[in-house]
Amino acid sequence: MTIRAEATMGERPEDRVDGTEERVHCTEERYNPYTGRRVVAGVDDAVPTAAQLGLEPPRFCEACGRRMVVQISPDGWWAKCSRHGVFDSIYVGRR
């Protein structure tokens, strides 16, 4: 799963700037967005069933492994990493 980031001007999702979407470039280290553990080639990391079904938003940043602030709404979710900005369910086709 690749998460896309959106540049923000403020703290709220309503303040996001449209059209400035960029892809988070991951170095060799990647992290599981549901457990926060580093992804190691050849080692299976258990993903919660709710996450597999698309019912659970990511809680950790895939690029750096930091815990994100997550807001869930009836039509989707958004999550904010302190280093990589806001991730929205629109970008992963969940809204």
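Each value, and the rule that gives it
- Residues numbered from 1 in each chain as written.
- Predicted model: local features only at pLDDT ≥ 70, side-chain atom pairs only at ≥ 80, totals over all residues.
- Heavy atoms only, no water.
- Helix = DSSP H or I, 4+ residues; strand = E, 2+ residues; numbered from the N terminus.
- Buried < 20%, exposed > 50% of the residue type's maximum accessible area, 1.4 Å probe, protein only.
- Contact = heavy atoms within 4.5 Å.
- Areas by Shrake-Rupley, 256 points an atom, 1.4 Å probe, with all protein chains shown as cover.
- Pairing = 2+ DSSP bridges.
- Phe/Tyr/Trp six-rings, centres within 6.5 Å; stacked < 30°, edge-to-face > 60°.
- Lys NZ or Arg CZ within 6 Å of the ring centre and 35° of its normal.

Colleague: Outline the overall build of the chain, supporting the account with residue identities and numerical values.
Modeller: In terms of regular secondary structure, the chain is built from one helix and five strands. By the burial criterion, 35% of the 95 residues in the chain qualify as buried. Considering only intrachain contacts with a sequence separation of at least 6, the fraction spanning at least 24 residues in the chain is 33%. Carbon and sulfur atoms provide 47% of the accessible area of the chain, an area that totals close to 6,400 Å².

Colleague: Describe the pairing of strand β5 (residues 85-88), naming the residues involved and giving the relevant values.
Modeller: Here strand β4 (residues 76-81) pairs with β5 via four bridges, running antiparallel. Directly across from cysteine 81, in β5, lies its bridge partner glycine 85. Where β4 hands over to β5, the hairpin turn is made up of three residues, counted between the paired strands.

Colleague: Can you lay out the pairing of strand β3 (residues 69-73) for me, pointing to particular residues and giving the numbers?
Modeller: Where β3 meets β4, five bridges bridge the pair, whose relative direction is antiparallel. The residue bridging isoleucine 72 from the neighbouring strand is tryptophan 77, located in β4. Linkage of β3 to β4, two consecutive antiparallel strands, is achieved through a turn of two residues.

Colleague: Explain the packing of aromatic side chains residue by residue, including any values.
Modeller: Scanning the entire structure with this criterion turns up zero aromatic pairs. The ring of phenylalanine 60 has arginine 67 lying over it, and the distance from NZ or CZ to the ring centre is 5.1 Å.

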